[in-house]
Structure formats: structure tokens, C-alpha cells
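Here are the chains, one letter per residue:
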Amino acid sequence: STSTSIVVGLVGAEQITVKTAIPIIMGSNIGTSVTNTLVSMSQASDTINLHRAFAAATVHDMFNILTVAALLPIEAIIGAIQGDGGPLYWLTKVIADAAMEGGSAGDDPLKGKSPTQILTEPLAKVVISNNKYIIEALSLGAPAAMATTWANVTQGCAPLGGARRLDIRDLGLQDAPGALLNRRLEEMDCSRFYCVSEDLDNDFEKIDKKAHEDDLVKCSGYIAEADEERCGRGMCYMNAGDFYTDFVVNKHIINGGFTEGAGDVSGGIIALVLALALMGGGLVALCKLLKTLLMGKAKRYILKATKLNDYAAILFGTAITIIVQSSSVTTSALTPLCGIGVLPLKKMLPMTLGANIGTTTTALIASLAAFTHEAVQIALCHLFFNILGILIWFPVPIMRRVPLAGARLLGLYASYYRFFPLVYVLIVFVATPAALLGLSMTFNFSIAGGVVLLFEMLGVIAGFLYWWLRMGGCYKVLPEAVRKQRQEALDAADREIVSAAGSPQNDA
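What you see is a predicted model; the values in this text were computed from it and never measured.

Description of the overall build of the chain
Step number 1: Along the chain, the regular secondary structure elements total 24 helices and five strands.
Step number 2: Expressed as a percentage of its 508 residues, the buried residues of the chain come to 42%.
Step number 3: Within the chain, contacts between residues separated by at least 24 positions form 75% of all contacts whose residues are at least 6 apart in sequence.
Step number 4: Summing over all exposed atoms, the chain offers an accessible surface of approximately 26,000 Å²; the carbon and sulfur share of this is 64%.

Things to note about the nonpolar core
Step number 1: Membership of the largest hydrophobic core comes to 64 residues, with the highest contact counts inside it found for Ile22, Met348, Ile378 and Tyr424.
Step number 2: At eleven residues, helix α19 (residues 373-393) tops the list of elements feeding residues into this core.
Step number 3: If near-sequence neighbours (up to four positions away) are discounted, tyrosine 424 is found in contact with Thr37, Phe54, Thr58, Asp61, Met62, Leu410 and Phe429.
Step number 4: In this structure, Ile134, Leu140, Tyr194 and Leu216 belong to the second largest nonpolar core, which totals 17 residues.

Here's the deal with the state of the cysteines
Step number 1: Applying the stated criterion to the full structure yields one disulfide.
Step number 2: Note on cysteine connectivity: cysteine 219 is disulfide-linked to cysteine 236, with sulfurs 2.1 Å apart. The disulfide joining cysteine 219 to cysteine 236 has a torsion of about -85 degrees about its S-S bond and is therefore left-handed. Separated by 17 residues along the polypeptide, cysteine 219 in the loop between α11 (209-214) and β4 (235-237) and cysteine 236 in strand β4 bring together distant segments of the chain. When sorted by exposure, cysteine 219 lands in the same class as cysteine 236, which is buried.

Structural notes on the sheet that holds strand β2 (residues 145-147)
Think of a sheet as strands paired side by side through backbone hydrogen bonds, with each pair either parallel or antiparallel.
Step number 1: The strand order across the open sheet built from three strands is β2-β3-β4, with neighbouring strands paired in antiparallel fashion. Two strands bound the open sheet, and with one partner strand each, they are β2 and β4. Each strand of the sheet is rotated relative to its neighbour by a mean of 40 degrees, with strand direction disregarded.
Step number 2: Two elements, β2 and strand β3 (residues 192-196), share three bridges in a ladder whose sense is antiparallel.

Looking at a nonpolar patch on the surface
Step number 1: Together, Ile447, Val451, Phe455, Leu458, Ile461, Phe464, Leu465 and Leu469 give the surface a local cluster of nonpolar side chains, amounting to about 810 Å² of exposed area.
Step number 2: For phenylalanine 455, the position within the fold is in helix α22 (residues 447-470).
Step number 3: The class of phenylalanine 455 is exposed, set by a relative accessible area of 57%.

Regarding the packing of aromatic side chains
Step number 1: All told, the structure shown has 16 aromatic pairs when counted by the stated rule.
Step number 2: Here the aromatic rings of tyrosine 413 and tryptophan 468 are separated by 6.1 Å at their centres, their planes lie at 50 degrees, and the arrangement is tilted. Highlighted residues: tyrosine 413 in helix α20 (residues 397-416) and tryptophan 468 in helix α22, separated in sequence by 55 residues. This pair shows no difference in class: tyrosine 413 is buried, exactly as tryptophan 468 is.
Step number 3: Relative to tyrosine 424, the ring of phenylalanine 420 lies with its centre 6.3 Å away and its plane at 35 degrees, an arrangement referred to as tilted. Here the residue phenylalanine 420 and the residue tyrosine 424 both occupy positions in helix α21 (residues 420-445), the gap between them amounting to four residues, near one helical turn. Here the two residues phenylalanine 420 and tyrosine 424 agree in accessibility, since each one is buried.
Step number 4: Every member of this aromatic cluster is reached through a ring pair, and the members are Phe54, Tyr413, Phe420, Tyr424, Phe429, Phe464, Trp467 and Trp468.
Step number 5: When the ring centre of phenylalanine 394 is taken as origin, the NZ or CZ atom of arginine 400, which lies over that ring, is 4.1 Å away.

Here's the deal with the side chain of threonine 318
Step number 1: For threonine 318, the location among the structural elements is in helix α15 (residues 310-324).
Step number 2: For threonine 318, a relative accessible area of 14% corresponds to the buried category.
Step number 3: Side-chain polar atoms of threonine 318 contact the backbone oxygen of isoleucine 314, separated by 2.9 Å.
Step number 4: Here the side chain of threonine 318 touches glycine 354 through a polar contact of 3.0 Å, landing on its backbone oxygen.
Step number 5: Among all residues touching threonine 318, those that are not within four sequence positions of it are Gly354, Ala355, Ile357 and Gly358.

The rules we used
Residues numbered from 1 in each chain as written. Predicted model: local features only at pLDDT ≥ 70, side-chain atom pairs only at ≥ 80, totals over all residues. Heavy atoms only, no water. Helix = DSSP H or I, 4+ residues; strand = E, 2+ residues; numbered from the N terminus. Buried < 20%, exposed > 50% of the residue type's maximum accessible area, 1.4 Å probe, protein only. Contact = heavy atoms within 4.5 Å. Areas by Shrake-Rupley, 256 points an atom, 1.4 Å probe, with all protein chains shown as cover. Core = buried A, V, L, I, M, F, W, Y, C linked by side-chain atoms within 4.5 Å. Disulfide = S-S within 2.5 Å. Pairing = 2+ DSSP bridges. Axes fitted to C-alpha atoms, helices over the stretch in contact; angles between N-to-C directions. Patch = residues over 30% accessible without salt bridge, like charges linked within 9 Å, V, L, I, M, F, W, Y side chains within 5 Å. Salt bridge = Lys/Arg side-chain N within 4 Å of Asp/Glu carboxyl O. Phe/Tyr/Trp six-rings, centres within 6.5 Å; stacked < 30°, edge-to-face > 60°. Lys NZ or Arg CZ within 6 Å of the ring centre and 35° of its normal. Polar contact = N/O pair within 3.5 Å; in protein donor to acceptor, adjacent residues only side chain to side chain.

Written out as C-alpha cells, the structure reads:
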């Protein structure tokens, strides 16, 4: 939710285009599933529970990865041919065109209303508090310098191509503060100016209102471009580049909590380690508590889970996620239930899909706050990406078996190799994005080099698949006899739970 809302903000501020943002939205869908994958690792003490939990966690991964694999190539190829974008781009553009006939920008009505945030924020602020406006300003980037065509030397500007020392009385700055005043007195360089977007200017004001009023020099009266409205809806400043350096780049992001004194990097590391430790301890305690509370009432929960209509399960997942405003919270809460055998994997899938739909409401609300055509369009891209994925992988039973089979297989490997979940996380969420980023950078540097690297990567993948599938590599990693043994152990454990519940149903 957070990452997609940031993307919506960047698109609304015209920092990136909708076409560029669509792959980022797809990537954020994959990235958000890492949380429940980490949650499943808390079941590592019991191989059966780990088998179930890791399968339940990775069914989310499988759906997101398969959907990206199905939609991204089509979007990229058609976008390259057509110029603007692919089917997802044009579908959402038509809807955004129809929806944006009227209205105006407004505030986010759910800002600060997340139940999870309300409960955790007081404790979080004891540990760390961040200046979100500096983060937003960094994400928007520094304003670019633009060349001046005419400078008003009577207002204290040095002649273009030269500089002179000014007198305070010439500028009327007798009461101006600090470093920026000294910089103005040394030279008033009017050879360049800066256009600052509305969003970045708002961040400047939030970061330091007094400095925003006193230190930023508006272009009016200094340069001809100020009268030509070169900056459109944005603001024109003579020294926005220096202001950005002083109040954004050189200021600390951490502005509260006991980690403040450690600095941004060290404080962030301390907070991250503490957060992971608390999350790990909380997950272990949650799993044990769920097992104690629910196993004695397994019949009721199993019957409800197995009898719940699949599409009702999607709606259930959607509703819960809208309430907590986080798909990670929803899927992370369901994963331990799968681990202890209360929630079958085949019911975890529709609830996960509902969570994917529910989390898109945050970006939609963020787009209404920005209320630009592009912001609304990219938020709709997030929604329809998940809807199209559901239409591809869920209604038809044979297609639904693909993500389920992939998740079951990963759960099987996790039950035999305890280190497998960590290796999986490093490969899927670290190594693969790094490799794709490197490929993209290579293409930017040299198209020929990018093509060569792409074919090399495809060759490595093809060689691995050939060894894995045709040469029996998969059975060298995990022999067929062991696979059968592990599956039988899981089936026996499931039957035991179902038998204790007095129900003949299971997760076959």
C-alpha cells in the first residue's frame, strides 16, 4: 500500500509517466508478498507446520509472479509498438478519461485512520520518528536549474556571465538570516532559476516554514522568465537548488525516538534489527497462541473454511484488507492458520486474491487526493492488474491449479530443507530484482551489450530448466521417495486434524 501510494504521488507530481509506473506497480505487488513469506519461517520448528505455512505464504508469490509473467510482456511489447502503452494502459486511460470530467484535489479522507497505525504509532515513535516530508522531497528529486535569458541588474542581479559583491541595502535583506543571506551577498547569480512543483514546494514549507518564507527568493522582478510563467503551475525560485541541498539533502530524516542520535544510517539499522526481532518474537508467540486457542475448536473453523464459497472468500479477504489497509497484515495473519492446519491452502488462495484487491483502495484514495488524470489512471492500473490476474488464474480450475501446485512444491522443499525459505527469499526478492536492474542499466548504457546480456541470462535459465526437467535435476535435489514420504506425512497430519474435528473433509 505504501509503495503504490508513493508511485501514485510521483505520477501525480509528473515525476514519472504512467507507462514507466506500470512495471513498478507490478513489482510492488510481488514485493509485498515477502512479509507473509517471512512469517511462515516462524514455523520452522515443526516440519509439517512449515510445509503448510510456506505453501500458504508462497501461493501469494505464485499468483503475483505468474500474473506479472502473463501481463508484463504483453504490456511492454504493445507499448513499444504503439508508443504510449499496452492493454492495461489503454483500459485504465478510457476509465480515467470518463471519471475525470470534474472534481478537484482534496485531502486523503483515511489519512491516519489505519487501525494498525493507530495502535502501533505511539510505540514506534519511542523507537524512531521520520520526517516524511524530507523523504517525499527526496523521492521527487532536486529541481533542475534552467538558464536565464535576461536578468534585472537593478534588483541586485550580477550581469549574466559575471558576478559582483552586493550591499545589503541594495537587496533590502538587512534582517535575512544565516547561510543563504551570506550566499546572496557574495553574489546574486541570476544566470539560472528553478521551477519547483506544487508538491515539492509544499514539502519545502512543511520541512521548515520559516526558512521557506525567509530564504527562498522568488523569481519575480529578477528575471524575464518569471513574467513568462515558464514554470506553469509550479513556483519559480532563484535559489531552490541551494535550499534543496540545505534543507533536504543535508538534514537528518530521523527526527525523533531514541535512535535519533545515532544518525540516519545507524539509527535505521538499529530500528530495523529491533523491528525484525519484535516481529520474529511476536510471530512465534502468535503461532503458539493460535495453536492453543484454535486446535481445540478445529471442527468449527475447518467446517467454515472448507464450506466458504471461493468468491465469498475473495470478498472476505478484500473487506479485511480495506479495514486494516494492508494486504501484508491480512496474509500474514492467515499464514499461521494454514500452518497449524486450520485453514486449507485451497481457501488461502481466494482470501489472498481478495487481499490483493483490498490493498488497491489505498492507492485509489491517494489518487483522489492528488486528483490528476495520471494519478487516477495509475491507481486504476493497480486495481485492474489484480482483477485481470484473478480472471486468468482463478475461475478456470485447470488454471487455478498452477499457483496451487507451485506453492505446494515450494512447501515440500521447505519441509525437507529448513534453510530453503531463506534461500528462496534471497533469490526471489533480492537476487532476481538486482539482476533485472543490472540488465536494465546495461540496456541504458549500450543496447548491444544489453541484448548480449539478455541472451546470456535466457541461456542460463534455459540450461537450468533443461537440467531440472529433462535430466532429472529436480529428483537429484529431492528424490522421489522422499517427496512421497513427505507428502504422506502431511496427508496423515491433515487426516488427524480432520478426524479430531469430526469432519471427513481435507485439503486434498
